[in-house]
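# Residue-level structural notes
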Amino acid sequence: MATAPNVYDAEPIPAAARAEIDRLLQSGDLFRYTAPENAPVALLEREFADMMGSKYALAVSSCSAAIFLSLEALDLPHGANVLIPAFTFAAVPSAVVHANCQPVLVEVADNYRIDIADFEAKLPTAQAVIISHMRGHTSDMDAIMALCDAAGIPVIEDAAHSLGTTWHGRKIGTIAKIGCFSFQSYKLVNAGEGGILITDDADLVARAVIMSGAYEHNWAKHKAPDGQNDPELAQAFARWQNQLPLYNMRMQNLSAAVIRPQLPEVARRVRDGRANHDYVAEQLNTSPWLAVPPALAPEDRAPDSIQFNLVGFAHDDDARAFAAAAETHGVKVQVFGLSKDNARAYWNWHFIPGEMPELPQTRAMLMRACDVRLPARLGRDDLDYIASALIAAADEIRGETRAYGT
Ligand SMILES: *Cc1c(COP(=O)(O)O)cnc(C)c1O
């Protein structure tokens with residue numbers, strides 16, 4: 001009998017990282033601002049900006065730090081309302097609270113994307129918007145950008161888990177004013193921890209660079225994408241010198257050494273991840289009890305996991321029994337709203353000031369939406385195993401329920 005695939009192990013880090021890490025350990029040159037130029041972190045920023053077609057990139061300690069610095073760079077008033085989707089990771093409302101702003105949760109539909117009617121209704125109260133492309137699912141960016149541009153409200157894309165996704169062929173993270181990405185181990189590029197923000201706005205990046213910890217004149221080591229001096233950027237740095245707090249959220253050179261050789265792997269990981277996802281989705285959609293929502297038409301996904309809804313599961317206990325049955329088949333399923341203290345269930349975000357809103361649409365989705373890891377390195381046998389186990393688990397539970405006549 002085939003054995004259940006291990007979906008937790010990451011891919012090995014490309015061997016090219018070893019020589020660079022050895023060199024850094026030999027020299028002890030780990031701080032990004034020690035070398036006069038071309039430190040690994042600076043090279044990563046240039047390569048990442050180049051890959052994304054953005055003017056500027058700033059590498060930091062996490063995507064959460066990138067989101068926090070983006071909000072700080074926007075210079076929002078204390079207590080400003082920031083719209084975020086109610087389906088995201090707890091780090092997102094946390095970054096908003098950290099920036100002394102108030103998260104305002106927007107309803108998310110059962111296709112895991114922002115409910116545009118609720119978004120439009122709440123937008124007049126907002127001074128900024130964060131769009132989390134949660135689990136790589138892209139909300140309707142045409143509608144969102146049209147509404148925000150008309151209202152003059154800045155948008156930050158939380159593309160932590162969306163590296164490689166495109167919308168009308170445009171790279172996710174480059175559509176709004178600022179895009180933020182994660183290099184935490186469960187994302188497409190793995191450095192253990194790390195994040196990066198991209199923007200074309202010299203003033204925003206200058207503010208973010210200084211606040212990330214470019215004290216004194218360390219900002220002078222941030223150059224234009226071609227490595228040259230950039231007068232617009234230099235003027236922005238001069239404007240903000242000594243005007244901003246230093247939060248010290250820098251990336252160190254070892255992280256950059258781990259990330260840089262993975263950038264050429266991104267296209268392959270995206271291609272394999274998408275093929276794996278679509279292969280499993282097609283099988284799951286043959287079950288009357290499981291539904292994988294389709295991507296929106298302009299979206300080309302870059303998934304490393306699969307989400308699907310349980311259909312016709314009237315009771316929470318049936319949904320729990322499905323997860324338990326899948327586990328006995330060797331496949332771990334997380335039903336977002338049913339595992340205790342889940343960090344993606346908005347009702348667990350008690351740190352948000354004020355009263356917790358009731359969001360019936362998002363709640364209903366979270367109670368039936370399942371999450372299964374599907375890393376790009378899996379082969380067809382692994383994928384068949386996972387799809388069969390999930391379909392069998394659903395049949396067992398629904399079959400039983402029908403047998404009992406409920
Ligand atoms: C992982 C993730 C984050 C947080 O990223 P860190 O680098 O761990 O701070 C934020 N938003 C989304 C959608 C994520 O998936």
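Residues numbered from 1 in each chain as written. Predicted model: local features only at pLDDT ≥ 70, side-chain atom pairs only at ≥ 80, totals over all residues. Heavy atoms only, no water.

Moving on: the nonpolar core. Residues Leu 284, Phe 308, Phe 322 and Leu 390 are the most contacted members of the largest nonpolar core, which totals 97 residues. Of the residues forming this core, the biggest block, 10 residues, is contributed by helix H13 (residues 380–403). Every residue in contact with Leu 284, bar those within four places of it in the chain, is listed here: Leu 290, Val 292, Ile 306, Phe 308, Ala 387, Leu 390 and Ile 391. (Core = buried A, V, L, I, M, F, W, Y, C linked by side-chain atoms within 4.5 Å. Buried < 20%, exposed > 50% of the residue type's maximum accessible area, 1.4 Å probe, protein only. Helix = DSSP H or I, 4+ residues; strand = E, 2+ residues; numbered from the N terminus. Contact = heavy atoms within 4.5 Å.)

At a minimum axis separation of 9 Å, helix H3 (residues 63–73) and helix H7 (residues 202–213) run at an interaxial angle of 125°. Our classification of the angle between H3 and H7 gives oblique. Read as a crossing pair, H3 and H7 show a hand that is right-handed. Only Leu 204, Arg 207, Ala 208, Met 211 and Ser 212 of H7 make contact with H3, whose side of the interface consists of Leu 69, Glu 72 and Ala 73. Tallied by class, residues from the contact of H3 with H7 come to five nonpolar, one polar and two charged. (Axes fitted to C-alpha atoms, helices over the stretch in contact; angles between N-to-C directions. Parallel < 35°, antiparallel > 145°, perpendicular 65-115°, else oblique. Left-handed = near helix turned anticlockwise from the far one by under 90°. Nonpolar A, V, L, I, M, F, W, Y, C, P; charged D, E, K, R; others polar.)

By secondary structure assignment, the location of Ala 91 is in helix H4 (residues 91–98). According to the relative accessible area criterion, Ala 91 is buried, its value standing at 18%. Spatially, the C-alpha atoms of Ala 91 and Gln 262 are 25 Å apart, while their sequence positions differ by 171 residues.

Counted at 1.5 Å a residue, the expected span for helix H11 (residues 316–328) with its 13 residues is 18 Å, and the 19 Å between its end C-alpha atoms agrees. Considered for burial, the residues of H11 that qualify are Asp 318, Ala 319, Phe 322, Ala 323, Ala 325 and Ala 326. The buried residues of H11 all sit within an arc of 160° when viewed along its axis, so they share a single face. Exposed residues on H11 whose side chains face more than 90 degrees from its buried face are Asp 317 and Thr 328. (Expected span 1.5 Å × (residues − 1). Arc of directions from axis to C-beta.)

Contact geometry of H3 with H4 gives a least axis separation of 9 Å together with a crossing angle of 40°. As H3 runs across H4, the sense of the crossing is right-handed. Of the residues in H4, those touching H3 at Ser 64, Ile 67, Phe 68 and Leu 71 are Ala 91, Val 92, Ala 95, Val 96 and His 98. For the contact of H3 with H4, the class distribution of residues is seven nonpolar, two polar and no charged.

In total, this model carries 20 salt bridges according to the counting rule given. Between Glu 11 and Arg 268 there is a salt bridge; the shortest N-O distance is 2.9 Å. Placement of Glu 11 in the segment before helix H1 (16–27) and of Arg 268 in helix H10 (residues 266–284) is noted, with a sequence separation of 257 residues between them. Residue classification places Arg 268 among the partly exposed residues on the basis of a relative accessible area of 27%. For Arg 23, the salt bridge goes to Glu 20, with nearest N and O atoms at 2.9 Å. One end of the pair is Arg 23 and the other is Glu 20, both in helix H1 and three residues apart, which spans about a single turn. Connected through salt bridges with shared partners, the residues Glu 11, Glu 265, Arg 268, Arg 269 and Asp 272 form a single ionic network. (Salt bridge = Lys/Arg side-chain N within 4 Å of Asp/Glu carboxyl O.)

A few words on the site of the ligand. Taken together, Ser 62, Cys 63, Ser 64, Val 92, Met 134, Asp 158, Ala 160, His 161, Ser 182, Gln 184, Lys 187 and Gly 194 make up the full set of residues near the ligand. The contact in question runs from an oxygen atom of the ligand to an N or O atom on the side chain of Ser 64, over 2.6 Å. Within the side chain of Asp 158, an N or O atom sits 2.7 Å from a nitrogen atom of the ligand. Considering the ligand on its own, with 380 Å² of exposed area, one finds that the protein chains cover 91% of that surface. (Near = heavy atom within 4 Å. Polar contact = N/O pair within 3.5 Å; in protein donor to acceptor, adjacent residues only side chain to side chain. Areas by Shrake-Rupley, 256 points an atom, 1.4 Å probe, with all protein chains shown as cover.)

On to the packing of aromatic side chains, then. Pairs of aromatic rings are described using the distance from one ring centre to the other and the angle between the two planes. Scanning all chains against the criterion turns up 10 aromatic pairs. Considering the side-chain rings of Phe 308 and Phe 322, the 6.2 Å spacing of their centres and the 90° angle between planes classify their relative orientation as edge-to-face. One end of the pair, Phe 308, is in strand E12 (residues 305–310); the other, Phe 322, is in helix H11, and 14 residues separate them in sequence. Centre to centre, the rings of Tyr 346 and Trp 347 are 5.2 Å apart; their planes meet at 75°, and the pair counts as edge-to-face. Of the two residues, Tyr 346 and Trp 347, both sit in the buried class. (Phe/Tyr/Trp six-rings, centres within 6.5 Å; stacked < 30°, edge-to-face > 60°.)

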